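Structural overview
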Amino acid sequence: MIARFAQPVLIEAYLPGREFTVGITGTGATARSLGVMEVRFLPRAEHDFYSFANKEHYEGRVAYALADDDGARRAEALALAAWRALGARDGGRVDLRSDADGAPQILELNPLAGLHPVRSDLVILARLAGIDHRTLIDRIVDSFLDRHPALASAARHSVPA
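Below you will find a few notes about this structure.

What counts and how
- Residues numbered from 1 in each chain as written.
- Predicted model: local features only at pLDDT ≥ 70, side-chain atom pairs only at ≥ 80, totals over all residues.
- Heavy atoms only, no water.
- Buried < 20%, exposed > 50% of the residue type's maximum accessible area, 1.4 Å probe, protein only.
- Helix = DSSP H or I, 4+ residues; strand = E, 2+ residues; numbered from the N terminus.
- Pairing = 2+ DSSP bridges.
- Core = buried A, V, L, I, M, F, W, Y, C linked by side-chain atoms within 4.5 Å.
- Contact = heavy atoms within 4.5 Å.

So, the pairing of strand S4 (residues 91–98)
Buried residues dominate S4, accounting for eight of its eight residues. Taking every second residue as pointing to the same face, both faces of S4 are buried, with Gly-91, Arg-93, Asp-95 and Arg-97 on one and Gly-92, Val-94, Leu-96 and Ser-98 on the other. The pairing of strand S1 (residues 19–25) with S4 spans seven bridges and is antiparallel. Along S4, the bridge assignment pairs Phe-20 with Leu-96.

Here you go:
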């Protein structure tokens, strides 16, 4: 690969375990998990990984479910620790996949997660956890306003409920 492309190559171990997305709202000590969503690949899924095609056309390719077992709780704890350690703010998600021993590993921390009301993972996770789209957006905005008190007063008086 180095000879063929004449640039450095990154080689990572394949993570064969479960795939999770942890939704988070808040900043620092106030950051809270919305829940842990497991991504399960169906037979029509592309190559057993969460590709663009699998995300964009998830119906019939991917099944989403809230997870609350030991593996999911470890993924959630790791995701929250990473969110806080990296100074992520307001709302987003952390994607993880477990290694061969079942230990969760971070794939991506996404502080700019999509908010499409149907197709975005953070919104799907929130919906599974019983949180509607408006409430999710409110939690993200409230976190921002908590960090900017001068804006909070003006915003809360000028935005209709």
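From this point on, the discussion continues.
So, the nonpolar core
In terms of nonpolar packing, the biggest core is built from 15 residues, with Leu-34, Tyr-64, Leu-122 and Leu-136 touching the most fellow members. Sorting the residues of this core by element identifies strand S2 (32–41), strand S3 (62–66), helix H4 (121–128) and helix H5 (133–147) as the ones contributing at least two each. With five residues, H4 is the largest single contributor of residues to this core. Beyond its immediate sequence surroundings of up to four residues, Leu-34 is in contact with Gly-23, Ile-24, Thr-25, Leu-122, Leu-125, Ala-126, Ala-129, Ile-131, Leu-136 and Arg-139.

Any functional reading would require information that these geometric values do not contain.
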